[in-house]
Amino acid sequence: MTPILTETTTMLPNIVLKPAAVKFISRIVRFSGLPAGAGFRLAVSPGGCSGYSSEFSAEAAPGPGEQVLEIEGLRLFLGAESRLLLEGVTIDFADTPTQSGLTFINPNQAACGCSSAESAAPPGVTKIEIGAIGRGRPATLAS
């Protein structure tokens, strides 16, 4: 029997969190000083060389229009646009001598053709710097 979709049906994305990303996100939420049940707001929008612009912060509760996606014991607060864009994406954490941050690997994203693209970033990867971390007010880092 096919499920009947209603206005209240929510489609949550299929996201893979790598262990390094789980550890990073867990620390952000744990050290935010927020009460139990807090989560990680992740807002992704189209833009930037790799295809995404991203903002994130630790939050006590989801905002209006956000849905909660629980992965590996973490609560991710995602708006509608982010849920669509993150379908099939793998989120990891990279820490190199020159950059540290979350990476978003989208197997369906085409390589960027612009000459200003970072040569080290593989196609479909968005890097978010640790300095973009906010608490209660997301900071933007366009990729």
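Structure shown above.
Residues numbered from 1 in each chain as written. Predicted model: local features only at pLDDT ≥ 70, side-chain atom pairs only at ≥ 80, totals over all residues. Heavy atoms only, no water.

On to the nonpolar core. In globular proteins that are soluble, nonpolar side chains generally tend to be buried together. L17, F40, L42, L76, L86, I91 and L102 are the most contacted members of the largest nonpolar core, which has 25 residues in total. It is helix α1 (residues 19-30) that provides the largest number of residues to this core, a total of 6 residues. The residues contacting L17, other than those within four sequence positions of it, are V22, I25, I71, L74, L76 and I91. (Core = buried A, V, L, I, M, F, W, Y, C linked by side-chain atoms within 4.5 Å. Buried < 20%, exposed > 50% of the residue type's maximum accessible area, 1.4 Å probe, protein only. Helix = DSSP H or I, 4+ residues; strand = E, 2+ residues; numbered from the N terminus. Contact = heavy atoms within 4.5 Å.)

Looking now at the environment of A38. Mapped onto the fold, A38 is located in the loop between α1 and β2 (39-46). Residue classification places A38 among the buried positions, given a relative accessible area of 11%. Taking the C-alpha atoms as reference, A38 lies 9.6 Å from F77; in sequence the two are 39 residues apart.

Inspection of every chain in the model, using the stated rule, returns 3 aromatic pairs. Centre to centre, the rings of F24 and F93 are 4.5 Å apart; their planes meet at 20°, and the pair counts as stacked. Note that F24 is positioned in helix α1 and F93 in strand β6 (residues 90-95), a separation of 69 residues in sequence. Like F24, the residue F93 is buried in the burial classification. Members of the aromatic cluster, connected to one another through ring pairs, are F24, F40, F56 and F93. (Phe/Tyr/Trp six-rings, centres within 6.5 Å; stacked < 30°, edge-to-face > 60°.)

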